[in-house]
Protein chains: 2
Amino acid sequence: MLDIKIEKTTNPKPIPGPEDPLVFGTIFTDHMYVMEYCPEKGWHDPAIMPYQPISLAPSAMVFHYGQEMFEGLKAYKTEDGRILLFRPDKNAERANNSNRRLMIPEIDPEDFINAVKTIVEVDQAWIPTKPGTSLYVRPFVIATDPFLGVRPSNTYKFIIILSPVGAYYPEGLNPVKIWIEDKYVRAVRGGIGEAKTGGNYVASLAAQIKAHDEGYSQVLWLDGVERKYIEEVGAMNIFFKINGTVVTPVLNGSILPGVTRDTCIALCKEWGLPVEERRVSVEELEAAAKDGSLEEVWGTGTAAVISPVGHLRYEDDVFQIGDGGIGQISQKLYDTVTGIQLGKVEDKYGWTVEVK
Amino acid sequence: MLDIKIEKTTNPKPIPGPEDPLVFGTIFTDHMYVMEYCPEKGWHDPAIMPYQPISLAPSAMVFHYGQEMFEGLKAYKTEDGRILLFRPDKNAERANNSNRRLMIPEIDPEDFINAVKTIVEVDQAWIPTKPGTSLYVRPFVIATDPFLGVRPSNTYKFIIILSPVGAYYPEGLNPVKIWIEDKYVRAVRGGIGEAKTGGNYVASLAAQIKAHDEGYSQVLWLDGVERKYIEEVGAMNIFFKINGTVVTPVLNGSILPGVTRDTCIALCKEWGLPVEERRVSVEELEAAAKDGSLEEVWGTGTAAVISPVGHLRYEDDVFQIGDGGIGQISQKLYDTVTGIQLGKVEDKYGWTVEVK
Ligand SMILES: Cc1ncc(COP(=O)(O)O)c(C=O)c1O
Ligand SMILES: Cc1ncc(COP(=O)(O)O)c(C=O)c1O
């Protein structure tokens, strides 16, 4: 494991107080973590330094050819003052899956986790404590060769920044309305859909704006081949409870393998619910909504943890889900996952990692 | 049209001499063009300034969500000392097509063209003059909001940098070997394939490395839905001459609409050749290669202009093309297009634009 050099800021910023609004992704802490890659030295010289601008040549490859990878996880402060990360090993593993697809050199998972722990420890005073708040951790890699031409970069930066974030639902859990997109496509089998990389997100913007204009908060994507099978939401995986069975789209190469998805599958199984990872078509949902067997729908992701879905729209049809309120399993998953994250519910699976 | 402020460098770099090697995309000129966008002012304050690093917050959206667009064109010096651009209006138009798909604010084509002309004029001493050389012009836009979260950025930078480039084929036109990829997919209908944006290029790297390892210089992509129809090469469009007819894949939303492609279609038509823009399957090519009717194959793109293809490989099959040499139409297109670009062949269509 590499040694991290730490240089603390001499000019700390004011830390938001418990009553200050924390708009997601707008406030950043005092420090950042940076590690460089070159072919001769591999990943080297990791350092924590004051949060500061990055200076790159205008020809830096990341500006032109999209060679960039990111991750997202959260750090929580428990009532007894401990700091917990939730399954950072899964993010380290997914980062390397993305890296391989994007031809970015892999990062030793131990260095990845140690980096997250160390930067969170350095900026621990920034972890908010009000219910629902947390410190969002954003590791990312960018290609830095000053070169125009399509090939993998030789040099990279791996950076981690931190942002204190508020409750996703300040008023408590609230069902969202979701738009099933039938024209735009986010990703396709054989492409980069299962990698966490900018290209997948820029591809989603046009449909997202269209959905917002129609009064929907998120887009639910269909597969790129037949435009018939459910994939995932903009930044969440999706689950359906149909006739007592929990169903979620199988990881097929074009869906992001969510950490929260994996967590929910494990919990549902523990609770004795039948869980199926398989293809789910829009037609199946439509039929289930019609005959009343579509009992619950929820999204899963680091930002909101669990997002109950109140209704789905596909072309001119609206699929009503249960009674339109928060489903029982959605609520139980939310309470259990956030409970484990905050150290209030027993962590049977060893999912939490303490930062000392 | 916006007024461009010009600040010249006081510290010019040495300009490569005629015998210095010009490796594509590695050397940059003394100046760059930068224009900023914000919702209040729109695109504003264009300026030419000394070539210098860009400083961005680590949270700048371009590093995370891939909201970036680029273009590529060339400036040439004619024997009588004039400076010519080739169809910059097409790049301005395509930039805005990309911008719309990527939710980036459009740039007035007049400002785009004026920017290219002005920066080329400022750095005209950098335009190399040896046969086959030129000044590569790289306009690009990056999203700069310091924000984590998936939505279009509110602020952007539009930048132009210049790089003197050598002949693509220092030994003269030379047939290349191309790998038809059957596993990885670059883009799919409904996605961002027709936009010139980083996400499409990072998606291509894994297959490109695989092709190189097999001794092939470029990848030919198949459609993402059926993986059966030809799309385009890594950074070129593709043409086939089958039984006297020129055939090129129709623009279907997942292919980049190349300027050189458009140019070649116009010239072939002028020469009385039948031209078809339509779907072309691998099976059709295979059959044509077998019965000898696959007479020529060439790629078209700004970098190489025309790239004759000597053979194609699909899975375990090699398709032999003509006699494996440079086809007659490929050579004629190369001579005509480069002739027009250098002011040696009459420019009937008004494709060249002089920089004064
Ligand atoms: C496209 C997409 N799908 C799913 C998820 C959910 O993944 P996770 O549960 O790891 O946060 C995310 C991100 O957070 C995402 O960006
Ligand atoms: C993917 C792709 N296709 C085709 C082309 C050819 O386009 P043009 O002739 O405008 O250079 C390019 C770029 O140059 C490209 O990047």
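As annotated in an unreviewed UniProt entry, chain A is Branched-chain-amino-acid aminotransferase from Murimonas intestini. Per UniProt, chain A has the following entry under Sequence similarities (unreviewed entry): "Belongs to the class-IV pyridoxal-phosphate-dependent aminotransferase family."

Engineer: Before we go on, may I ask you to explain the nonpolar core in this structure?
Structural biologist: Taken as a class, soluble globular proteins show a tendency for nonpolar side chains to be buried jointly. Core analysis: the largest hydrophobic core is formed by 126 residues, its most contacted members being Phe63(A), Val120(A), Phe63(B) and Val120(B). With near-sequence residues (within four places) excluded, Phe63(B) lies in contact with Ile54(A), Leu56(A), Val62(A), Phe63(A), Glu68(A), Phe140(A), Ile142(A), Leu56(B), Ala57(B) and Pro58(B).

Engineer: Hey, could you run me through the side chain of Asn237(A) in this one?
Structural biologist: All names here are of chain A. Within the element layout of this structure, Asn 237 appears in strand β13 (residues 237-242). Within the structure, the side chain of Asn 237 is placed 2.9 Å from the backbone oxygen of Leu 256, a separation counted as a polar contact. Beyond its immediate stretch of four places on either side in the chain, Asn 237 contacts Glu 232, Ile 255, Leu 256, Pro 257, Gly 258, Arg 261, Trp 298, Gly 299 and Thr 300.

Engineer: Would you take a moment to explain the site of ligand 1 for this structure?
Structural biologist: Residues and elements named next belong to chain A. Within the structure, ligand 1 sits among 16 residues, and Tyr 201, Glu 232, Val 259, Thr 260 and Thr 302 are positioned closest to it. Within the side chain of Glu 232, one N or O atom sits 2.5 Å away from a nitrogen atom of ligand 1. Elements with a contribution of two residues or more to the shell around ligand 1: α6 (259-270) and β16 (294-301). Here the residues of the shell around ligand 1 sort into five nonpolar, seven polar and four charged.

Engineer: I tried to follow the relation of the copies chain A and chain B on my own but got confused; where do I start?
Structural biologist: To go from the first copy of the chain to the second, apply a rotation about an axis and then a shift along the same axis. When chain A is fitted onto chain B, the two copies agree to an RMSD of 0.0 Å after a turn of 180° and an axial shift of 0.0 Å. Both chain copies can therefore be described as sitting about a two-fold axis. Taken as a fraction of all interface residues of chain A, those also at the interface in chain B reach 100%, which identifies the copy contact as same-surface.

Engineer: Any chance you could explain the environment of Asp335(B) here in plain terms?
Structural biologist: By the element assignment, Asp335(B) lies in helix α8 (residues 328-341). Looking at Asp335(B), the relative accessible area reads 41%, which means it is partly exposed.

Engineer: Got a minute to help me understand a negative patch on the surface in this structure?
Structural biologist: Negative charge collects at one region of the surface, where Asp182(B), Glu315(B), Asp316(B) and Asp317(B) lie side by side. On the secondary structure map, Asp317(B) appears in strand β18 (residues 317-320).

Engineer: Where do I start with the domain arrangement of chain A in this structure?
Structural biologist: How big an interface is tends to be reported as the loss of accessible area on association of its parts. Residues and elements named next belong to chain A. Along its sequence, chain A is organised into domain 1 (5-165) and domain 2 (176-341). The interface of domain 1 with domain 2 comprises 20 residues on the first partner and 20 residues on the second. For the pair domain 1 and domain 2, the summed buried surface comes to about 1,700 Å²; carbon and sulfur atoms form 58% of the total. Broken down residue by residue, the surface that domain 1 buries against domain 2 is led by Phe 70, Phe 86 and Arg 94, which jointly contribute 36%. Summed over the shared surface of domain 1 and domain 2, the number is one salt bridge.

Engineer: What's the story with the pattern of salt bridges in this structure? I'm lost.
Structural biologist: Side chains carrying opposite charge are able to pair once their charged atoms draw close together. On inspection of all chains with the given rule, the structure shows 37 salt bridges over all chains. Glu106(A) is the partner of Arg100(A) in a salt bridge, and the nearest nitrogen-oxygen pair spans 3.1 Å. Residue class for Glu106(A) comes out partly exposed when judged on its relative accessible area of 42%. Note that Lys228(B) and Glu226(B) form a salt bridge whose closest N and O atoms lie 3.9 Å from each other. We classify Lys228(B) as partly exposed; its relative accessible area is 30%. A network of salt bridges, in which partner residues are shared, links Asp80(A), Arg82(A) and Glu354(A).

Engineer: I keep staring at the interface of chain A and chain B and nothing clicks. Help me out?
Structural biologist: Contact with chain A, which involves 58 residues of that partner, is made by 58 residues of chain B. On the chain A side of the interface with chain B, the three residues burying the most area are Pro58(A), Phe63(A) and Leu148(A), jointly 14% of the side's total. Run the count over chain A and chain B and you get zero salt bridges. The tally of links between chain A and chain B comes to 24 residue pairs in polar contact (both at pLDDT 80 or more).

Engineer: Which parts of the structure should I look at to understand the site of ligand 2?
Structural biologist: Residues and elements named next belong to chain B. Taken together, 16 residues lie around ligand 2, and Tyr 201, Glu 232, Val 259, Thr 260 and Thr 302 are the ones closest in. One nitrogen or oxygen atom from the main chain of Val 259 is found 2.8 Å from an oxygen atom belonging to ligand 2. Alone, ligand 2 offers 380 Å² of accessible surface; in the complex the protein occludes 96% of this. Those elements that provide at least two residues to the shell around ligand 2 are α6 (259-270) and β16 (294-301). Classifying every residue of the shell around ligand 2 by side-chain character gives five nonpolar, seven polar and four charged.

Engineer: Would you take a moment to explain helix α5 (residues 205-213) of chain A for this structure?
Structural biologist: For an α-helix, 3.6 residues make a turn, and residues three or four places apart therefore share a direction. Within α5(A), burial applies to Leu205(A), Ala206(A), Ala207(A), Gln208(A) and Ala211(A). Those residues of α5(A) hidden inside the fold are in contact with β10 (176-180), α4 (198-202) and β11 (218-222) of chain A together with α2 (88-102) of chain B. Just downstream of α5(A) lies Gly215(A), where phi reads positive at about 90°.

Engineer: Explain the packing of α6(B) against α8(B) to me, please; I cannot follow it from the model alone.
Structural biologist: The relative placement of two packed helices comes down to the angle between their axes together with the axis-to-axis distance. All names here are of chain B. Look at α6 against α8: their axes get within 11 Å of each other, and the N-to-C directions meet at 110°. On the basis of their axis angle, the class for α6 and α8 is roughly perpendicular. Note that α6 runs across α8; the crossing there is right-handed. When α6 is examined against α8, the residues Thr 263, Cys 264, Leu 267 and Cys 268 are found in contact with a partner set consisting of Ile 329, Leu 333, Thr 336 and Val 337. Counted by class, the contact of α6 with α8 contains six nonpolar, two polar and no charged residues.

Engineer: Looking at this structure, how should I read the environment of Ser293(A)?
Structural biologist: Residue and element names in this part refer to chain A. Examined against the element boundaries, Ser 293 turns out to sit in the loop between α7 (282-290) and β16. Classification of Ser 293 as buried rests on a relative accessible area of 11%. Each C-alpha atom of the pair Ser 293 and Ile 321 lies 8.8 Å from the other, and the pair is 28 residues apart in sequence. For Ser 293, the residues in contact, after removing those within four places along its chain, are Lys 241, Ile 242, Asn 243 and Ala 288.

Engineer: Explain the UniProt feature "modified residue: N6-(pyridoxal phosphate)lysine" (unreviewed entry) in chain A here, please?
Structural biologist: Residues and elements named next belong to chain A. According to UniProt, the "modified residue: N6-(pyridoxal phosphate)lysine" (unreviewed entry) feature falls on Lys 196. Summarising the element assignment, Lys 196 is placed in the loop between β10 and α4. Contact partners of Lys 196, with chain neighbours within four places excluded, come to Glu 68, Met 69, Phe 70, Glu 71, Gly 72, Arg 94, Ser 98, Tyr 201 and Leu 256.

Engineer: Teacher, can you tell me more about the pairing of strand β18 (residues 317-320) of chain A here?
Structural biologist: It is a general feature of regular strands that their side chains alternate between the two faces of the sheet. All names here are of chain A. Relative to β18, strand β17 (residues 305-314) runs antiparallel, the two being bridged by four bridges. Across the sheet, residue His 311 finds its bridge partner in β18, namely Gln 320. Between β17 and β18, which pair antiparallel in sequence order, lie two residues; one of them, Glu 315, sits at a positive phi of approximately 50°.

Engineer: Sorry, what's going on with the confidence of the model for chain A here?
Structural biologist: Should pLDDT be low for a region, the predicted coordinates there are not to be read in detail. Looking at chain A, pLDDT values average 96 and 100% of them are 70 or higher. Here the predicted complex scores 0.98 on pTM and 0.97 on ipTM.

Criteria and cut-off values
- Within each chain, residue numbers correspond to sequence positions counted from 1 in written order.
- A letter from A marks each chain and a number from 1 marks each ligand, given out in the order of writing.
- Predicted model: local features are reported for residues with pLDDT of at least 70 only, side-chain atom pairs are reported and counted for 80 or more only, and whole-chain, interface and lining totals are derived from all residues.
- Hydrogens and water molecules were not included; the side-chain quantities draw on all heavy atoms of the structure.
- UniProt positions are given in the numbering used here, feature names are shortened, and annotations may be inferred rather than shown by experiment.
- Side-chain atoms within 4.5 Å link the members of a nonpolar core, which is a set of buried Ala, Val, Leu, Ile, Met, Phe, Trp, Tyr and Cys residues.
- Buried means the residue's accessible area, taken with a 1.4 Å probe over protein chains only, is under 20% of the maximum for its type, while exposed means over 50%, and partly exposed covers the values in between.
- Should any heavy atoms of two residues lie within 4.5 Å, those residues are considered in contact.
- Every helix listed is a DSSP run of H or I at least four residues long, and every strand listed is a run of E at least two residues long, numbered separately from the N terminus.
- Two N or O atoms count as a polar contact when they lie within 3.5 Å, although within protein this holds only if one can serve as hydrogen donor and the other as acceptor, and sequence-adjacent residues are included solely when both atoms are side-chain atoms.
- Nearness here has a simple test: a residue counts as near a molecule or strand if at least one of its heavy atoms is within 4 Å of that partner.
- Charged means Asp, Glu, Lys or Arg here, nonpolar means Ala, Val, Leu, Ile, Met, Phe, Trp, Tyr, Cys or Pro, and polar covers whatever is left, Gly included.
- Here the copies are matched by least squares. The fit uses the C-alpha atoms of residues with pLDDT of at least 70 in both.
- Exposure above 30% relative accessible area and no salt bridge define the residues that can form patches, which grow by joining like charges within 9 Å and nonpolar side chains of Val, Leu, Ile, Met, Phe, Trp and Tyr within 5 Å.
- Each accessible area is a Shrake-Rupley result for a 1.4 Å probe, and residues are judged covered by the shown protein chains and nothing else.
- We define a salt bridge as a contact between a side-chain nitrogen of Lys or Arg and a carboxyl oxygen of Asp or Glu at a distance within 4 Å.
- Only four residue types enter the tally: Lys and Arg on the positive side, Asp and Glu on the negative side; His and the chain ends are excluded.
- A charge is said to be at NZ when it belongs to Lys, at CZ for Arg, at CG for Asp and at CD for Glu.
- As used throughout, domain bounds are those supplied by an automatic or database domain assignment.
- Accessible-area loss on putting two parts together, using a 1.4 Å probe and summing over both, is the definition of buried area adopted here.
- Fitted lines through C-alpha atoms give the axes, limited to the stretch in contact for helices. The angle between two N-to-C directions lies from 0 to 180 degrees.
- To sort the angles, those under 35 degrees are grouped as roughly parallel, those over 145 as roughly antiparallel, those from 65 to 115 as roughly perpendicular, and the leftovers as oblique.
- Put simply, a crossing is left-handed when the front helix is turned counterclockwise from the back one by less than a right angle, and right-handed when it is turned clockwise.
- Only strands joined by at least two bridges in the DSSP assignment are considered to pair.
- Confidence of the predictor at the level of single residues is given by pLDDT, which spans 0 to 100.

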